[in-house]
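Next come the chains, spelled out residue by residue.
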Amino acid sequence: MISLGRGLGDDGRSVVSLRPEELRATAVATTGLDDFGDTWWVEPFQRLCTSLDTEARLHLPGRLRARGELQLVLQNRLRVVDLWRKEPAVLRQLVRAPMVVTGLGRSGTTLLHELLACDPDNRPPLLWELLHTVPYEEPSGDLCDDEIKLMDEMVPAFTAMHENGGRLPTECIFAFAHQFSSDIFTGLYNVSEYTIWRSGQDQAPIYDWHKRHLQTLQWVSERPTPWWVVKAPSHLSALPLLFATYPDARVVITHRDPLRVIGSLADLMATLHYMHSDHVDHGVLVAFMAMGLELQMDQVAAERDAGAVPNDQIADVIYQDLVADPEGVIERLYTSWGLPVTDAFRAAIKSYLRARHTGRASAHDYSFADTGLDLATHRALLAPYQERFGVPSEV
């Protein structure tokens, strides 16, 4: 397929359009709807499409994937906005005291999210729910599973890096994607100009959408939702916005040695980029990861120390403690929240831990040495963060 794109002389640009006006027109024609709701999303969408065309260096399969990925979000947005118009009661749903898991990528956020999701009273958003929200039909999980199988077939190593599935709890980046300002796009494509631009924008509208998306899922599924449990490392960069949207949120931040995390994150991003382009610069990704993680943790510490966020609503979990004693970590969190750990919850945790990662072909193999970074230099930069939160070094 890649060779076919090269044979066309333009890697498939002539046959797979990523022009924003054409994508919008196709979404309208496919759904029969034309109201996209608020207009905030338009500029990030246009900038993303421009970056995909001018700097992502997509090969033909990558262009096909990108078009499908954008089209899916546009169509779901149209259907969700149409539901809001028809059923105003959707946006009167109460979302109370959500549990929010965040932290550096590869620091145990997925493990903690899925452990919390074992509580029958907790509800995590599933991947198929965020991408096929309306109409709400459980077989939609099969569509997401098929899309993920294609990713695994393109790059088999991806399965060992991150477990995905249409019916598995997923990250909030898929909700944010509906405003086209989301880390999902930075993760999938080399779109640095888009990424730099959005880092300077007020992201309040993506949190507004996030809340409305949870309200929509509560309404369309007609399932009782005592507590939402959501997760995304990207929340770490927007804690004030998160609390402005959910003043009663219960936030858990996982902590791990960033120099252990960098190698894994860079490998993951390189793999995702490779699914869309055969021009992947691992060294640039490593440098981007190192700078971003160091600045991010300094920012989080400063916000908490300055009282910019309600520190009494934030719990800290060290990765090694989570891995060594997951049940104990859950017990301590629930005690701090004044919630009971029921027998059904304990049994579900034990069952989950026994089954976790069953079927994975291999473990993700990565090393700090592969990053090419100078250990002493970067360890010194991270010393304030590690001391502030008691994070042990792993390399």
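Residues numbered from 1 in each chain as written. Predicted model: local features only at pLDDT ≥ 70, side-chain atom pairs only at ≥ 80, totals over all residues. Heavy atoms only, no water.

### Regarding the pairing of strand 3 (residues 227-231)
For a regular strand, side chains alternate in direction, first toward one face of the sheet and then toward the other.
Link 1 in the chain: The buried count for strand 3 comes to five of five residues, which makes it a mostly enclosed element.
Link 2 in the chain: Relative to strand 3, strand 1 (residues 99-103) runs parallel, the two sharing three bridges. Bridged to Val101 within strand 3 is Lys231.
Link 3 in the chain: As paired strands, strand 2 (residues 122-123) and strand 3 are joined by two bridges and run parallel to one another. Paired with Asn122 across the two strands is Trp227, which belongs to strand 3. (Buried < 20%, exposed > 50% of the residue type's maximum accessible area, 1.4 Å probe, protein only. Helix = DSSP H or I, 4+ residues; strand = E, 2+ residues; numbered from the N terminus. Pairing = 2+ DSSP bridges.)

### Some remarks on the environment of Leu78
Link 1 in the chain: Examined against the element boundaries, Leu78 turns out to sit in helix 4 (residues 60-86).
Link 2 in the chain: C-alpha of Leu78 to C-alpha of Thr31: the two residues are 47 residues apart in sequence and 7.6 Å apart in space.
Link 3 in the chain: Other than its neighbours up to four places away in sequence, Leu78 contacts Ala27, Val28, Thr31, Leu33, Asp34, Asp35 and Phe36. (Contact = heavy atoms within 4.5 Å.)

### So, the confidence of the model for the protein chain
Link 1 in the chain: The pLDDT averaged across the protein chain works out to 90; a share of 87% of its residues lies at or above 70.
Link 2 in the chain: Within the model, the stretch residues 150-162 combines pLDDT values under 50 with 32 contacts to residues more than four positions away or in other chains. (pLDDT = per-residue confidence, 0-100.)

### Section: the environment of Pro135
Link 1 in the chain: Looking at where Pro135 falls in the secondary structure, it is placed in the loop between helix 6 (127-131) and helix 7 (140-154).
Link 2 in the chain: In sequence terms Pro135 and Val220 are 85 residues apart; their C-alpha atoms lie 8.3 Å from each other.

### Regarding unusual backbone geometry
Link 1 in the chain: A cis amide bond links Val134 with the next residue in sequence, Pro135, at an omega value of -5°.
Link 2 in the chain: Backbone geometry at Arg106 places phi at a positive 70°, although glycine is not the residue there.
Link 3 in the chain: Tracing the sequence through the fold places Arg106 in the loop between strand 1 and helix 5 (109-116).
Link 4 in the chain: Notably, Glu222 is not glycine yet its phi reads approximately 55°, a positive angle.
Link 5 in the chain: Classification of Glu222 by relative accessible area gives exposed; the value is 70%.

### A word on the pattern of salt bridges
A side chain of one charge can pair with a side chain of the opposite charge if their charged atoms are brought near each other.
Link 1 in the chain: As enumerated under the stated definition, the model contains 21 salt bridges in all.
Link 2 in the chain: When the shortest N-O distance is used, the salt bridge between Glu22 and Arg67 registers 3.3 Å. Here the residue Glu22 occupies a position in helix 2 (residues 20-31), and Arg67 occupies one in helix 4, the gap between them amounting to 45 residues.
Link 3 in the chain: Judged by relative accessible area, Arg67 falls into the buried class, the value being 18%.
Link 4 in the chain: Where Arg77 meets Asp38, a salt bridge forms, and the shortest distance between an N and an O atom there is 3.1 Å. Taken together, the residues Arg77 in helix 4 and Asp38 in the loop between helix 2 and helix 3 (42-54) connect sequence positions 39 residues apart.
Link 5 in the chain: Judged by its relative accessible area of 0%, Arg77 is buried. (Salt bridge = Lys/Arg side-chain N within 4 Å of Asp/Glu carboxyl O.)

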